[in-house]
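Here's the letter readout for the chains.
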Amino acid sequence: MDYGKNIMRRLSRQSQILLLSAGLWPCEMAQGLAQTATPPTPGAAIALPTVEVVATSPLPGGGENADNIPAMVQTVPAEDFARTNSPSVTDTLQQQVPGAVAIDVNGNDFAQNLRYRGFVASPIQGTPQGLAVYQNGIRLNEAFGDTVNWDLISPQSIYRADIFTNNPAFGLNALGGAVSLQMKNGFLWQGLTTQIMGGSYGRVSGLFEYGKQVDDYGLYITADATHDDGWRFFSPSSIYRVYGDLGYRTPGNELHLIASGANSNVGIIGATPILLVDSDYRSVYTSPQFSLNQAASLAFTGKFDINPDWTIQSNFYLRLFKQTHVDGNDASIQDCGLPGPPTGQLCDTNNGSFIINQQGQIVPSTGSANPFPYGVIDRTFVHGNTVGTLLQATDTGKILDHDNYLNFGGSVDRSWLSYSATATLGVIQPNFVIVNGGIPGGGEIIQDQSLTDIIATYITGTATYYGLFALDTFNIAPGLDFSAGARLNVAEITTQDASGTAPQLNAVNTFTRLNPVVGLTFKISPSVTAYTGYSEANRAPTPLELNCSSPTRPCILASTLISDPPLEQVVSHTIEAGFRGNQAIPAGGTIGWKAGYYRTESTSDIIQLASIVLGTGFFTNVPETLHQGFEAQANLSIGALSGYINYAYVDATYQFNGLLSSPFNPFADANGNIIVRPGDHIPGIPRQQFKVGGDYAFTPEFKAGFDVLVVGSQYYVGDDSNQNPQLPLYWVANLHASYQITNNVQVFGLINNLFNNHYLVYGTFFDQTTDGQFAGNPVNFVSNPRTVTPAQPIAIYGGVKVTF
């Protein structure tokens, strides 16, 4: 059974007869049609209803009428991804989805955080994740830290992206919602496209995609490669991706064998002290910093019609992931004798303990004549192998002569993971590059006496996630639908020390939660629908968070782990209500719009806090947080003109009184704490977003368009008490144009950041006791504790696309 059959069952009987008489309904669907409705007049124009169908679970390929879903649902089609001509999926999602913003914490637009309603799906280990992400039913949140590596997904392979809220069927992490990516296959997309593009900062990229259907078989394959030198110092990136789908279908049955692979090396230079940025917008502090990501997956999916009402879908997959992360940092290390006479030995500045190398020897200092401060190159290695399956059934049969849509199923995902981390001592050069030469007896550090546990870690473990879900939508009366359902989540997480020296890391944790959902939709008119709903969702602590939750024994985040107090799972409670519509306008155009309010209360929320020990941090539960806001969107299409406009207000606040650690905040007390009160805004979340853009075909060959993004102010991360000035509002405008030389050849161009605005997208604080003036670098940057990530200046790209 395909989308069409599910659509038909959701239409009125009069609409079914109209479609049948128009020849748009397969004849086998005509069986059982009532003949009581008045047939259309021969030769008369038939107005067919517009029905948007979305899958209500992670598996694509079936679905429910979007008007019957009691929540805000956003769909981003393949055309929108093609329109941006960006190698980053997050760029298109930010552009098209109200409430979504891509925050470039890493300083590299290939590895951005995606925030939606203030919740995040991030590639950064240690970021508390609040969004679930799926690709053809495969969970993309990595097992170790629930991270999402957007750089491993090729935008041109996406057929559609659905962004859901208020639906626990998407399992763990769907606190703020879920992103479900349905990929292309040979039945959905046919043709051949090749493209090359190049431009500013040494960027060069190329891609091809090919899709073909022959009888019952379909084939789709795409590959792309991108290299960028980076606009900031020491920030080159290279990405290679491939995706393929071989499909077979007969009436009522469909099978797909899907394979994908990706390799990326992304320079992630991160935040830099603001005074360094003021002196040179390209500045970094410190280097080297990069992530090497590798992933491969193999999946087998099936869809089978049991009878006209029942459909079964399944998914079996294997996914491999490997990450190597290198991060150069300043170190709280100096000669043990300072500020007095040097002793020739190195100590930790926080407690005076000796620095011990991997041979068990005290590391000697470089001597009093050395002008360079000490640094550490942290290296982490994450490896995860995951197998999983999802089986679901759908029933579209009537109940008591009322339309009904029932979807239920279960899933199992099991990951085998390993994690290791080391730190290598070095010195920071005037250009802020850390080198490990010139330190007698240096090398990898394995212990630091009282700080033994934060220096090196070697663990293995498993993460097993079980899920059972059911969702039913019942048509109470014409235009009035009631939905109810639930999902049971069970998470079993085990970790084992692999070094033989830290048995306290051996642990088994189990988290269980039943999350309900209930809602109503009411069709006010043929073109306007109202909705309201309530749901709950949960997130289990990750292996990283479970082993890094002690403020007295902090971790080098994304580096080393320790044994810690237990964390509670996060539970969200969401209510939302709104309206949506789709109207025809004169001259054959259409306008679609949505507007809604939401309120999500999260109990036992997990947040990341900085430690007084330089470069370290920990995770903790807080009693309650609140995310609430308003979203509005409109899309216009009329002749040669198309456009969009959307606005979102996100009010994310703490709802408790207490102390939080933020030692580098200028308003912290002597113990490094700040006071948080109900209503204080959660840092790093912009409160307002405004987006507008459009395209116009000036001639059949020439088309041009623009996009404008306005992002409101936000508090610096670490300013949970909201006492410091905010990171200011920023805006950016982009232009694009294309010219069709022939039916097969197109040239195109992009200008990003048209007005060359210099603005900041992320900010936090750093330790002002850091050496502020290095030999050869005249900038004394420690007088201001703010450290920021600047946005890319103006960039111009051009390319050629050939299609057949």
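Refer to the structure presented above.
Residues numbered from 1 in each chain as written. Predicted model: local features only at pLDDT ≥ 70, side-chain atom pairs only at ≥ 80, totals over all residues. Heavy atoms only, no water.

A. Representation of unusual backbone geometry within the structure. Residue threonine 286 follows tyrosine 285 across a cis peptide bond; omega there is 5°. Positionally, threonine 286 belongs in the loop between helix H5 (274–279) and strand S17 (289–305). Although it is not a glycine, asparagine 166 adopts a positive phi angle of roughly 60°. You can see asparagine 166 is positioned in the loop between strand S9 (158–164) and strand S10 (177–183). One non-glycine residue, asparagine 753, adopts positive backbone phi at about 60°. Within the element layout of this structure, asparagine 753 appears in the loop between strand S39 (745–752) and strand S40 (760–765). (Helix = DSSP H or I, 4+ residues; strand = E, 2+ residues; numbered from the N terminus.)

B. Layout of the state of the cysteines. Throughout the structure, instances matching the rule amount to 1 disulfide. Residue cysteine 336 pairs covalently with cysteine 347 via a disulfide, S to S 1.9 Å. Its S-S torsion of about 95° marks the bond between cysteine 336 and cysteine 347 as right-handed, since a negative value means left-handed. In this pair, cysteine 336 is assigned in the loop between strand S19 (333–335) and strand S20 (346–348) and cysteine 347 in strand S20, connecting sequence segments 11 residues apart. Take cysteine 347: its relative accessible area is 6%, and that puts it in the buried class. (Disulfide = S-S within 2.5 Å. Buried < 20%, exposed > 50% of the residue type's maximum accessible area, 1.4 Å probe, protein only.)

C. How the structure looks around the sheet that holds strand S16 (residues 272–273). Spatially, S16-S41-S40 is the arrangement adopted by the 3 strands of the open sheet, whose pairing is antiparallel. Of all the strands in the sheet, just S16 and S40 have a single pairing partner and so form its edges. Two elements, S16 and strand S41 (residues 786–790), share 2 bridges in a ladder whose sense is antiparallel. Of the residues in S41, the one forming a bridge with proline 273 is threonine 787. (Pairing = 2+ DSSP bridges.)

D. Seen up close, helix H4 (residues 89–96). Burial analysis of H4 places 7 of its 8 residues in the buried class, the great majority of the element. Listed as buried for H4 are Val89, Thr90, Thr92, Leu93, Gln94, Gln95 and Gln96.

E. Broad picture of the sheet that holds strand S7 (residues 131–135). Pairing in this open sheet of 5 strands is mixed, and the strands run S3-S9-S10-S7-S8 from one edge to the other. Of all the strands in the sheet, just strand S3 (73–77) and strand S8 (138–139) have a single pairing partner and so form its edges. Taken together, the 5 bridges between S7 and S10 define a ladder with parallel strand orientation. Bridge assignment links leucine 131 to a residue of S10, and that residue is glycine 177.

This is a description of form; function is not addressed.
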